Amino acid sequence: MPLIRFTIILLLLLLSAQSLGASPSFSLDYENDCFLKDGQPFRYISGSIHYSRIPRVYWKDRLLKMYMAGLNAIQIYIPWNYHEAFPGQYNFTGDRDLEYFLKLAQDIGLVVILRPGPYICAEWDMGGLPAWLLNKKNVVLRSSDPDYIAAVDKWMGTLLPMMKPYLYQNGGPIITVQVENEYGSYFTCDYNYMRHLTQLFRSHLGDEVVLFTTDGAGLNFLKCGSLQGLYATVDFGPGANITAAFDAQRHAEPNGPLVNSEFYTGWLDHWGSRHSVVSSALVAKSLSQILSVGANVNLYMFIGGTNFGYWNGANSPYGAQPTSYDYDAPLTEAGDLTEKYFAIRDVISMYNKIPEGPVPPSTPKFAYGAVKMKKLQTVSDAVETLSFSGPVKSPYPQTFIDLNQAFGFVLYRTTLPVNCSEPTPLSSPLNGVHDRAYVSVGGSAVGILERNKVLTINVTGTAGSQVDVLVENMGRINYGRDINDFKGLVTNLTLGAVPLSGWTMYSLSIDEAISQGLLGRSGHTGTEPPQPAALSLPAFYVGSFIIPDGIPDLPQDTYIKLPNWTKGQIWINGFNLGRYWPARGPQVTLFVPANILSTSAPNNVTVLELEGAPCGSQPCTVEFTDTPILNATVHSESSRHRRLLVKEDLL
Ligand SMILES: *[C@@H]1O[C@H](CO)[C@@H](O)[C@H](O)[C@H]1NC(C)=O
Ligand SMILES: *[C@@H]1O[C@H](CO)[C@@H](O)[C@H](O)[C@H]1NC(C)=O
Ligand SMILES: *[C@@H]1O[C@H](CO)[C@@H](O)[C@H](O)[C@H]1NC(C)=O
Ligand SMILES: *[C@@H]1O[C@H](CO)[C@@H](O)[C@H](O)[C@H]1NC(C)=O
Ligand SMILES: *[C@@H]1O[C@H](CO)[C@@H](O)[C@H](O)[C@H]1NC(C)=O
Ligand SMILES: *[C@@H]1O[C@H](CO)[C@@H](O)[C@H](O)[C@H]1NC(C)=O
Ligand SMILES: *[C@@H]1O[C@H](CO)[C@@H](O)[C@H](O)[C@H]1NC(C)=O
Ligand SMILES: *[C@@H]1O[C@H](CO)[C@@H](O)[C@H](O)[C@H]1NC(C)=O
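Residues numbered from 1 in each chain as written. Chains lettered and ligands numbered in written order. Predicted model: local features only at pLDDT ≥ 70, side-chain atom pairs only at ≥ 80, totals over all residues. Heavy atoms only, no water.

- Looking at an unreviewed UniProt entry, the protein carries the name Beta-galactosidase, with the source organism given as Kryptolebias marmoratus.
- Recorded in UniProt under Subcellular location (unreviewed entry), the annotation for the protein is "Lysosome".
- Database annotation for the protein, UniProt heading Catalytic activity (unreviewed entry): "Hydrolysis of terminal non-reducing beta-D-galactose residues in beta-D-galactosides." (UniProt positions renumbered as here; feature names shortened; annotations may be inferred.)

Written out as structure tokens, the structure is:
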């Protein structure tokens, strides 16, 4: 062979070997019990962050803080219902721009552990499943139910091809992909479903990517949650017996890396239960033990963020989670550094090199002060304006799903069929008010029905009086066997022993009406008769405030509190901040990110107060403060939620 040809071949061989060596890879090493990244042993120290709970403008700040804590990975959930609000209508823009989020993570130097569901739990409405799956009344979610599978196939057929270029081996940040979520805690135990998902993920993502499952650290969970071909990992919080927990993983995976996919830095809250707090010392100690055995770990949450709008989930027996998802995490709801952040960073620094340079500071907060509010209209008065789709009539009540509405409020209207001169029980004998109903008769607020808590109130009134029942969806159950959580009046209301009939139902487009500035423009105001002091009709209140001149760097983040208000929903400049319920607690303030505030126009605050505003003879106010309060005393403490630090307690 002529020397020149030999040299060329040698050169080509060298080049191809080099390009092979340079091509990124990520895999499991069963011999050395670790992951391999580009052929080298790799251990991740990761943190959970949910882009759906953080305004896009703050993604970079939060990711950078995570990187500066010494993390080399993040773990994210993809909430299906956040991206496909109605069948086939996808949204991946603005705050929903998942690809932009992935690019930011990669630019900062974090790899990504992707958890695309389809079910995610996450204390998110219906565990991320779109409510429209309930269009089939008896659908068995998270199973081989053909209608459920058809919807999953369509969604994953859109999502996974979009994710494929972001896989590590394709030059992106995604190192591993989780299939389903704690499936072993669900009652169906349908291996065919898990097998179907595995094939689906493989067909879209290829054979190379590491697919895994996560389950509680017990054999009973791993039994239905793990599957051949999916790497089994476990989750457990501080204080757990680490040896026993990883023994459970070893039972499913005799070899390969140890992984705790959810190490709880804090815990979730429920309205009416004490704010959850987990000490930094305990978190640091357990984290150190996990790292010392060489395990991989994901801190759940590293930053919790906020359930803006109506996105909070609930647990069963029905208890809804509040707007804040602070989680007592190392970064607060507002992305601020805490003592726990530095305690964790110290632990990590014993195992990994912490990046040099300053940690980005907490964002400044500003107390804009009190804002005077004035009453605009009751919901009943505004119903024509709020009901974009118009009234629907039926003998017996229909659910939100029947009415093609996912979130918010529906007004159910009928009349008293008989004279009720004596107090007469108006009841939901089958506990079918999902979740809270604000009842008025003849234009006067008479009481509140509440799922699991108040099934009967007394009413009086003459035959023919208008009965208005405003039903609030407080968030769908996200965990356990009750996730088929229909909303509205899901069973009949009875007056005495007789079911009420002849309903007119109004789907309310409150968010749209507020952002289009329709409230207060039409319909009458101020027709409300004097109210009993304790309870008033659900009504809208508005106020506005101007960001002061001459102070540099405004607008800044702030918190809103509603002293002496009771329960409702708040919008600022049409952005739905979430629910407030200081009368129950523990959350008192709502996080207001600066990006929704304006310096060029007055900022408009709209409050829907459902029970009773403090507006009487004296003007009433809401207040912007620079300090969050998430831990006020609660007013209906249930012992059930006293000390919830393991998922089993939620069953
Ligand atoms: C998509 O989501 C973004 C971010 O929340 C929102 O601003 C936009 O209006 C949504 N688009 C549609 C068509 O709903
Ligand atoms: C932790 O679990 C291991 C394995 O099950 C057991 O041997 C050990 O005694 C446990 N430690 C404690 C403190 O309970
Ligand atoms: C209800 O009571 C009024 C008097 O208060 C009476 O005129 C009317 O006939 C009664 N209606 C029915 C349906 O009993
Ligand atoms: C309704 O009124 C009856 C008679 O006054 C009373 O016995 C009962 O306790 C009341 N029920 C409720 C739920 O207030
Ligand atoms: C409501 O009551 C009517 C009449 O008794 C009955 O036909 C209907 O099935 C009930 N609806 C529900 C949801 O229970
Ligand atoms: C709230 O109510 C209490 C008791 O009525 C009153 O003392 C206090 O001034 C009120 N606070 C505000 C901000 O209105
Ligand atoms: C608040 O409402 C007023 C009156 O509708 C409007 O002129 C103004 O632009 C709104 N402010 C913002 C920030 O949207
Ligand atoms: C709430 O938390 C703050 C800050 O950690 C603390 O000072 C305060 O005592 C707590 N309040 C309650 C009622 O636990």
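That was the structure; now back to the text.
**Focus on the nonpolar core**
Consideration 1: In terms of nonpolar packing, the biggest core is built from 117 residues, with L63, I74, I76, L141 and Y148 touching the most fellow members.
Consideration 2: Tallying contributions element by element places helix α5 (residues 146-163) first for this core, with ten residues.
Consideration 3: Residue contacts for L141: discarding those within four places in its chain leaves M126, L129, L133, L134, Y148, Y186, T188, I483 and N484.
Consideration 4: Core analysis: the second largest hydrophobic core is formed by 30 residues, A334, I596, V607 and V622 among them. (Core = buried A, V, L, I, M, F, W, Y, C linked by side-chain atoms within 4.5 Å. Buried < 20%, exposed > 50% of the residue type's maximum accessible area, 1.4 Å probe, protein only. Helix = DSSP H or I, 4+ residues; strand = E, 2+ residues; numbered from the N terminus. Contact = heavy atoms within 4.5 Å.)

**Here we look at the environment of K154**
Consideration 1: Within the fold, K154 resides in helix α5.
Consideration 2: Linking K154 and R142, residues twelve residues apart in sequence, is a C-alpha distance of 15 Å.
Consideration 3: Once you skip the residues sitting within four places of it in the chain, K154 turns out to touch G88 and Y90.

**Points about the state of the cysteines**
Consideration 1: Applying the stated criterion to the full structure yields two disulfides.
Consideration 2: Paired through a disulfide, C189 and C224 show a sulfur-sulfur distance of 2.0 Å. Between C189 and C224 the disulfide shows an S-S torsion of about -85°. By sign, it is left-handed. With a gap of 35 residues between them, C189 in the loop between β9 (174-178) and α6 (191-205) and C224 in helix α7 (residues 219-225) connect regions that are remote in the sequence.
Consideration 3: Residue classification places C224 among the buried residues on the basis of a relative accessible area of 10%.
Consideration 4: When the cysteines of the protein that form disulfides are numbered from the N-terminus onward, they connect as 1-2, 3-4. (Disulfide = S-S within 2.5 Å.)

**Here we look at the pattern of salt bridges**
Consideration 1: For the coordinates displayed, the defined rule picks out 23 salt bridges.
Consideration 2: Across the salt bridge formed by D33 and R250, the nearest N and O atoms sit 3.8 Å from each other. Taken together, the residues span a long stretch of sequence, with D33 in the loop between β1 (26-29) and β2 (34-37) and R250 in helix α8 (residues 242-252) at a distance of 217 residues.
Consideration 3: The class of D33 is partly exposed, set by a relative accessible area of 34%.
Consideration 4: D336 serves as the salt-bridge partner of K365, at 2.9 Å between the closest nitrogen and oxygen. Of this pair, K365 sits in the loop between α10 (339-349) and β16 (369-378) while D336 sits in the loop between β15 (319-320) and α10, and the two are 29 residues apart along the sequence. Accessibility assignment for this pair places K365 and D336 in one class, buried.
Consideration 5: Residues participating in the shared-partner salt-bridge network are D435, R451, D485 and K487. (Salt bridge = Lys/Arg side-chain N within 4 Å of Asp/Glu carboxyl O.)

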